[in-house]
Amino acid sequence: MTGQPMVKAEGVHKSYGAAHILRGIDLEVQNGEVFCLVGPSGSGKSTFLRCINHLERVDGGRLSVDGQLVGYRQKGDKLYELKDSEVAVQRRDIGMVFQRFNLFPHMTALGNVMEAPLQVKGETKAVARERAERLLDRVGLGDKMGNYPSQLSGGQQQRVAIARALAMEPKLMLFDEPTSALDPELVGDVLDVMRDLAESGMTMIVVTHEMGFAREVGDSLVFMDGGVVVESGNPRDVLGNPQHDRTKAFLSKVL
Ligand SMILES: Nc1ncnc2c1ncn2[C@@H]1O[C@H](COP(=O)(O)OP(=O)(O)OP(=O)(O)O)[C@@H](O)[C@H]1O
Ligand SMILES: [Mg+2]
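Each residue is numbered by its place in its chain's sequence as written, counting from 1. All chains are assigned letters beginning at A, and all ligands numbers beginning at 1, according to the order in which they are written. Under the rules for a predicted model, residues below a pLDDT of 70 receive no local features and side-chain atom pairs below 80 are neither given nor counted, while totals for whole chains, interfaces and linings still include all residues. For side-chain calculations, the full set of non-hydrogen atoms in the structure is used, while hydrogens and water are omitted.

Trainee: Tell me about the packing of helix α3 (residues 109-119) against helix α4 (residues 125-138), and please be specific about residues and values.
Mentor: Structural elements are reduced to axes, namely lines fitted to C-alpha atoms, with helices fitted over the stretch in contact, and the angle between N-to-C directions of any two is expressed from 0 to 180 degrees. In this description a helix means any DSSP run of H or I spanning at least four residues, a strand means any run of E spanning at least two, and both kinds are numbered starting from the N terminus. In contact at an axis separation of 9 Å, α3 and α4 are set at 130 degrees when each is read in the N-to-C sense. If you check the angle between α3 and α4, you find them oblique. Here the hand of the crossing between α3 and α4 comes out right-handed. Only K125, A128, R129, R131, A132, E133, L135 and L136 of α4 make contact with α3, whose side of the interface consists of A109, L110, V113, M114, P117 and L118. Charged means Asp, Glu, Lys or Arg here, nonpolar means Ala, Val, Leu, Ile, Met, Phe, Trp, Tyr, Cys or Pro, and polar covers whatever is left, Gly included. Considered class by class, the residues forming the contact of α3 with α4 number 10 nonpolar, no polar and four charged. Roughly parallel means an angle under 35 degrees; roughly antiparallel, over 145; roughly perpendicular, 65 to 115; everything else is oblique. Helix crossings get a hand from a simple test, with the near helix turned counterclockwise from the far one by less than a right angle marking a left-handed crossing and a clockwise turn marking a right-handed one. We call two residues in contact when some of their heavy atoms are within 4.5 Å.

Structure below.
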């Protein structure tokens, strides 16, 4: 523990044209924490995750990861935008797993997991392969390494996507509804992998509707609505005893 939060958002704003989506997000994610983000559709959860790895640019406020401003450098009291190459370096440390797995269809599971370290880090094949095999083993796919995505179930593909993100040895993992596109019987295996990752100490931000997972594995939970944090705290407290009407209304629909 360094004491410094892994993610710190201070008054983060983001608009798309005239649509003001994030309206001043303040939150801190501590090192090693599993931080769950819940809220209704359109509340800005994905937008916020995308700002963290600078797939979207923040319009106002400050957002930092591991003490570094995302996408900007500060000189005196002025902010300067980083070059694309500098943004790419920041993004390497952040793994992202989406609802849709977006695996490369023409590569095997092993090839998918090896690809980024080969292309982005310039690793040797032997090193990338050794790690990819270890990671696929870890997500329970040691016997499927040679399968193409079309030869894997949705849950298996999502576990390959998690292994692929881990292959870059990130210090932070972002999950955007990783199980919501899966058939119900495939959800458990993916959540098990995420639980194992949490137990290994990975810092994770998880957008999810899996309230059971949030309650059991989450260290913190934030309820977002309309681009602001409405309520936050220990997941068991927020889910068990919500304080705000909007939180209560949302939970009554998903619990
Ligand atoms: N690239 C974009 N251009 C314009 N509007 C966008 C863009 N991306 C998102 N939005 C809008 O921003 C709002 C927030 O979207 P976002 O995807 O962050 O919501 P969400 O909380 O992740 O919802 P869901 O639970 O449905 O995934 C929505 O109204 C959406 O239409
Ligand atoms: Mg979303």
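Moving on from the coordinates now.
Trainee: Just give me the short version of the packing of aromatic side chains, but keep the residues and values in it.
Mentor: Any two rings among Phe, Tyr and Trp, with Trp reduced to its six-membered ring, count as a pair given centres within 6.5 Å; such a pair is stacked if its planes are under 30 degrees apart, edge-to-face if over 60, and tilted if neither. In this structure the tally under the stated criterion is one aromatic pair. Taking the centre distance of 5.3 Å and the plane angle of 35 degrees together, the rings of F223 and F250 count as tilted. Taken together, the residues span a long stretch of sequence, with F223 in strand β11 (residues 220-225) and F250 in helix α9 (residues 245-254) at a distance of 27 residues. The buried label applies to any residue whose accessible area, calculated with a 1.4 Å probe on protein chains only, is under 20% of its type's maximum; exposed applies above 50%, and partly exposed to all values in between. In this structure F223 comes out as buried when scored by relative accessible area, which is 1%.

Trainee: How would you explain the site of ligand 1 if you had to name every residue and give the values?
Mentor: We call a residue near a molecule or strand when any one of its heavy atoms sits within 4 Å of it. Around ligand 1, the neighbouring residues are Y16, I21, P40, S41, G42, S43, G44, K45, S46, T47 and E177. Polar contacts, as used here, are pairs of N or O atoms within 3.5 Å; protein pairs need one atom able to donate a hydrogen and one able to accept it. Residues neighboring in sequence count only if both atoms are side-chain atoms. Here an oxygen atom of ligand 1 sits 2.8 Å away from a polar atom, N or O, in the main chain of G42. A distance of 3.3 Å separates an oxygen atom of ligand 1 from a polar atom in the side chain of E177. For ligand 1, the protein covers 56% of the area, taking 640 Å² as the surface of the free molecule. Considered class by class, the residues forming the shell around ligand 1 number three nonpolar, six polar and two charged. Methods summary: accessible areas were calculated by the Shrake-Rupley approach with a probe of 1.4 Å, and residue burial reflects only the protein chains presented.

Trainee: Please give an account of the sheet that holds strand β4 (residues 60-65) that cites residues and values.
Mentor: One bridge is not enough; two strands pair if DSSP finds at least two bridges between them. One open sheet accounts for four strands, arranged β2-β1-β4-β5; its pairing is antiparallel. Two strands bound the open sheet, and with one partner strand each, they are β2 (19-29) and β5 (68-69). Pairing of strand β1 (residues 7-16) with β4 involves five bridges; the strand directions are antiparallel. From the neighbouring strand, K8 faces β4, where its bridge partner is S64. In the packing of helix α1 (residues 45-52) onto the sheet, the strands contacted are β1, β2 and β4, and the crossing angle to β2 comes to about 65 degrees.

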